[in-house]
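Chains, contacts and geometry: an overview
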Amino acid sequence: MLEVRGLTKRYAGTLAVDHVSFHISPGEILGYVGPNGAGKSTTVKMIIGLLDPSEGMVLFKGRSVLEDLAGFQSRIGYVPEEPYLYPYLSGYEYLELTGRLRGMSAASIETKIEEFLRLFSLWDDRHTPVSSYSKGMRQKILLSAALLGNPQLLLFDEPLSGLDVTTMMVVRELMAGLAAQGRMILYSSHVLEVVEKICSRVLILNKGRVAAHDSIQNLRETMHQSSLEAIFSDLTRETDPHALAGRFLEVMRS
Amino acid sequence: MTTLRETRGRKYELTRHFLRHMFDNEWSASTGQWQSAAAGLIALLVPVAMLLVRELDPMGQGYYRRLLALPTPERFRAAVIADEVGILILLSVATGVIALFVWQSLYPSSRDCLALAGLPVRPRQIFAARLWAVAIFAGALVAGMNLLPTLVAPAEFGGRWSIDPSWIAAAGAQAAAGIGACSFIFFALVALQGLLLNLAPARWYARLSVWVQALLAGAMLLAGLRLWEVREWPLETVRRIPEFGSWWPVVWFAGVREHLLGNHDPFWTAMAARGAWALSGAVVLTLALYLVSYRRYRRLLLEGPARRGSSRVRRWSPLDLLARDPRQQAILHFMAATLARSRTQRAIWLAYVGGVAAILINSSIVDGAIWISRRRQAGIEFMVLFWPLACTAVLLPGLRHVMSIPAELRAHWIFRMHEAEGRAAWMRAVERFTAAYAIAPIYLLLIPVSIHLHGWMPATRMTLLQVFASLTIFEVLFQSWQQLPFTCSYRPGKRPLVVIVLGYGAMLGAVVPVLSIYIAAAGKAAILFWILFPMLTGTWLKLHLSRRDGWGEAPLLYEDTGDDVPDMGIREMRGRRPPLETASGGAISS
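Remember, predicted model here, so these are calculated numbers, not experimental data.

1. As for the overall build of chain A
Looking only at helices and strands, chain A has 10 helices and 10 strands in total. Scored against the burial criterion, the 254 residues of chain A give a buried share of 53%. In chain A, the share of contacts with a sequence separation of at least 24, taken over all contacts with a separation of at least 6, comes to 69%. Summed over its atoms, the accessible surface of chain A is roughly 10800 Å², and 52% of this surface lies on carbon and sulfur atoms.

2. Looking at the sheet that holds strand β1 (residues 2-11) of chain A
Residues and elements named next belong to chain A. In space, the four strands of this open sheet follow the order β2-β1-β4-β5, with antiparallel pairing throughout. Looking along the sheet, the strands with just one partner apiece sit at the ends: β2 (14-24) and β5 (63-64). Examined bridge by bridge, β1 and strand β4 (residues 55-60) share five bridges and lie antiparallel to one another. The partner of threonine 8 across the bridge, within β4, is glutamate 55. Each of β1, β2 and β4 is contacted by helix α1 (residues 40-48), which is oriented at about 115° to β1, the strand it contacts most.

3. Considering the interface of chain A and chain B
The accessible area lost on association of the parts is a frequent measure of interface size. In this complex, chain A contributes 49 residues to the contact, which on the side of chain B involves 46 residues. Interface area for chain A against chain B, summed over the two sides, is near 4200 Å², with a carbon-plus-sulfur share of 56%. The three residues of chain A that bury the most area against chain B are Tyr88, Arg100 and Leu101 of chain A, which together make up 19% of that side's buried surface. Across the pair glutamate 93 of chain A and arginine 341 of chain B runs a salt bridge, and its minimum N-O distance is 2.4 Å. Applying the counting criterion to the chain A and chain B interface returns nine residue pairs in polar contact (both at pLDDT 80 or more). When residues of the side of chain A that touches chain B are traced back to their parent elements, those giving at least two are β1, β2, α1, α2 (69-73), β6 (76-79) and α3 (91-101) of chain A. With seven residues, α3 of chain A is the single largest residue contributor to the side of chain A that touches chain B. Here the side of chain A that touches chain B is built from residues that sort into 22 nonpolar, 14 polar and 13 charged.

4. A few points about the sheet that holds strand β8 (residues 184-188) of chain A
Residue and element names in this part refer to chain A. Pairing is mixed across the open sheet formed by six strands, whose spatial order is β6-β7-β8-β3-β9-β10. Two strands lie at the open edges of the sheet, namely β6 and β10 (209-215), each paired on one side alone. In this sheet, neighbouring strand axes are inclined to one another by 15° on average, regardless of whether the strands run parallel or antiparallel. Sheet analysis places β6 next to strand β7 (residues 153-157), joined by four bridges and oriented parallel. Note that in β7 the partner of tyrosine 78 across the bridge is leucine 155.

5. Quick notes on the nonpolar core
Membership of the largest hydrophobic core comes to 156 residues, with the highest contact counts inside it found for Leu2, Phe22, Ile47 and Tyr187 of chain A together with Phe415 of chain B. No other element matches helix α17 (residues 376-404) of chain B, which puts 16 residues into this core. If sequence neighbours within four positions are ignored, leucine 2 of chain A has contacts with Phe22, His23, Ile24, Ile47, Val58, Leu59, Phe60, Phe72, Leu153 and Met184 of chain A. Counting residues in each nonpolar core, the second largest holds 75 residues, with Ala78, Ile89, Ala138 and Val256 of chain B among its members.

6. Here we look at the pattern of salt bridges
As a working rule, side chains carrying opposite charge can pair if their charged atoms are close by. All names here are of chain B. Summed over all chains, the structure comprises 17 salt bridges over all chains. We note a salt bridge from arginine 257 to glutamate 84, for which the minimum N-O separation is 3.7 Å. Of this pair, arginine 257 sits in helix α12 (residues 249-261) while glutamate 84 sits in helix α5 (residues 74-101), and the two are 173 residues apart along the sequence. Accessibility classification places arginine 257 together with glutamate 84 in one group, the buried group. Here glutamate 258 ties to arginine 257 by a salt bridge, and the two come within 3.2 Å at their closest N and O atoms.

7. Re the packing of aromatic side chains
In the structure shown here, the tally under the stated rule is 32 aromatic pairs over all chains. Relative to tyrosine 32 of chain A, the ring of phenylalanine 22 of chain A has its centre 5.5 Å away and its plane inclined at 50°; by these criteria the two rings are tilted. Of this pair, phenylalanine 22 of chain A sits in strand β2 while tyrosine 32 of chain A sits in strand β3 (residues 29-33), placing them 10 residues apart in sequence. Each member of the pair phenylalanine 22 of chain A and tyrosine 32 of chain A is classed as buried. Pairwise contacts between aromatic rings join Tyr86 and Tyr88 of chain A together with Phe334, Phe415, Trp426 and Phe486 of chain B into one cluster.

How each quantity is defined
Residues numbered from 1 in each chain as written. Chains lettered and ligands numbered in written order. Predicted model: local features only at pLDDT ≥ 70, side-chain atom pairs only at ≥ 80, totals over all residues. Heavy atoms only, no water. Helix = DSSP H or I, 4+ residues; strand = E, 2+ residues; numbered from the N terminus. Buried < 20%, exposed > 50% of the residue type's maximum accessible area, 1.4 Å probe, protein only. Contact = heavy atoms within 4.5 Å. Areas by Shrake-Rupley, 256 points an atom, 1.4 Å probe, with all protein chains shown as cover. Pairing = 2+ DSSP bridges. Axes fitted to C-alpha atoms, helices over the stretch in contact; angles between N-to-C directions. Buried area = accessible area lost by both parts, 1.4 Å probe. Salt bridge = Lys/Arg side-chain N within 4 Å of Asp/Glu carboxyl O. Polar contact = N/O pair within 3.5 Å; in protein donor to acceptor, adjacent residues only side chain to side chain. Nonpolar A, V, L, I, M, F, W, Y, C, P; charged D, E, K, R; others polar. Core = buried A, V, L, I, M, F, W, Y, C linked by side-chain atoms within 4.5 Å. Phe/Tyr/Trp six-rings, centres within 6.5 Å; stacked < 30°, edge-to-face > 60°.

Here you go:
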């Protein structure tokens, strides 16, 4: 189980994440949603060890991940929000680099890369530099890199960004399959329809704080709303979208 | 200032944009970082330029006064020509280096076209604005470069034996020669790039362009180092210029000066005409190539085929010989790929390689190792002795510099995620890579020559000492290296350029030659070898152990904080957390 306890991050006095706590059990997908700047990506980066928390801790199977950060990192797969990749490496080379960094054998790397690239229809472009890839192709490379090490915990930060409809459906099914195999998934996204469909529980973050954290069914009942979008809107909305759009139109005309 | 802030026409705004970012290219990590490098370059060039004024040089004071006192003008005029050629070499090389520095800004790039694609700007306007920016930049550069020589040279070269004693005439002739030489070099380089852009296949252009850039940088350095020798040409050599110098651009423009001052020698008149034709040719060719490039810009810049790698699956690489551990292999392959394919890294590394080639060729010419056949044996001995250490002394700091510069900084998250798993293995890979790239090749190349020249035992003794000297230089340079190559942010200008150049000068002019003499002696006398060998290996071992202390324990650095890291050492940094909360590491970015 992954457990996050009172995770807090301050940047020069600004509170980006404020005492966030949750857990993910094996076979569970936790939807992690919130408006822009809510602290979603910061939380994910603290979990994987890219950022040091100002307070709080992350526990994996009951032990602080700091006790064996390397061991923890070898069990996770991460898809970052932005497809930052080395542009001069080909997709194949990038995956090879990832596999080697994970200490995988050459034979295993080769087999898995070929399979993943074929499954994602990237085989023909495997030797093309990443700089020539479309956003969706880069996202497929990131997904392949995350899955390459057969991780127990997957942290997806907007994994569907840039993907075509078919691949999106495949990835959704894939996430469900991964959860069915007992893997833990943290799914951070703005696409609430997908979150609603695949996540067992959802955590809504607003200005770094947990605004709601429960199963979608319970949230619907508690908040007397029919959809996650309505719940989200209720909890995070500060301005009237209609009025805001009107203001944009006014400024354009001015 | 308010006027400058006002929005003007598109052409004006585009020209201003291009001019403002003329130096912001692959050499700098972010906008405006070139200023410190420029300040350093000026600080370096000013004393060099002052040394050209003989009256300011303690060794050369009274030089022209003595020549003016001679009964005939020949020696005075020959000295003026030699000095003039020297000045023109310096001006041309400096202009050429700056033109190479802004190489990527000389023509519109595909990025310019794509970035401005959504705006109401036509390709014609982009090309016109870029051409204007290049022309304004060239004008300012050439004028700035020639201001001091135009004022100082007439005073330096004046006197009873000067062809035209008028200060105004001398200043005008000097200005024409200097401006002509600088403009020719600048526009010749612009035209050369235009030719590459138009003639090279679109998918080869980027790679070819970097090779040409590096080659020219080496050539500039090679020419620059000849400056001091040229100034000391005796009368006999100046008389022989028509035999060897009629295709030197600087001689053409020295001819412009001579001709304008009234020297009607047919050779100098011909040279002046050649200079005028060359300059006009370079400018016309630049304009023509801009026009052609504009006409074909879509095919050249936007419709070039997407780069595709080789379809051949690589099963084995020589790098696999350096390590078997997959984590080390990961770093070795990453480093090799970055050095070979990342434009910035490749360009800077090739500049260092070009630099070292220039130094080796120059030193060998000065020593007589190349050209003088009767000294061939001694010359080859010089190469075997001097080259390995000189190569190490330039390439190791060069590789360290290149590895300090990030390649796609935000992509380093992949390493940060896996750092704890393989930090020690990664650092071992860096060691091996550096040895394989900057130390091993020159020894592998020269060991057979050394054996042929000295026999097995002396050659082995010499090579052993040289290798340990190179490894010691490596240990000194990498004593506090605490980052994965190409993944840490970089803050340039931490050390003034003058200090860097003086450091190279001291290393190549004093340390390496002295050490080479000792090594040569130790190679021939076994007893000396057994004195020098323990000293060198002991120094290397001490430094090696000190560098390895804390190896793989301290977290790697991903941000150049500007601290004096080179002085700290790994032990002091142990336990220090890397500054993670940075823009590069990802701040509040949900």
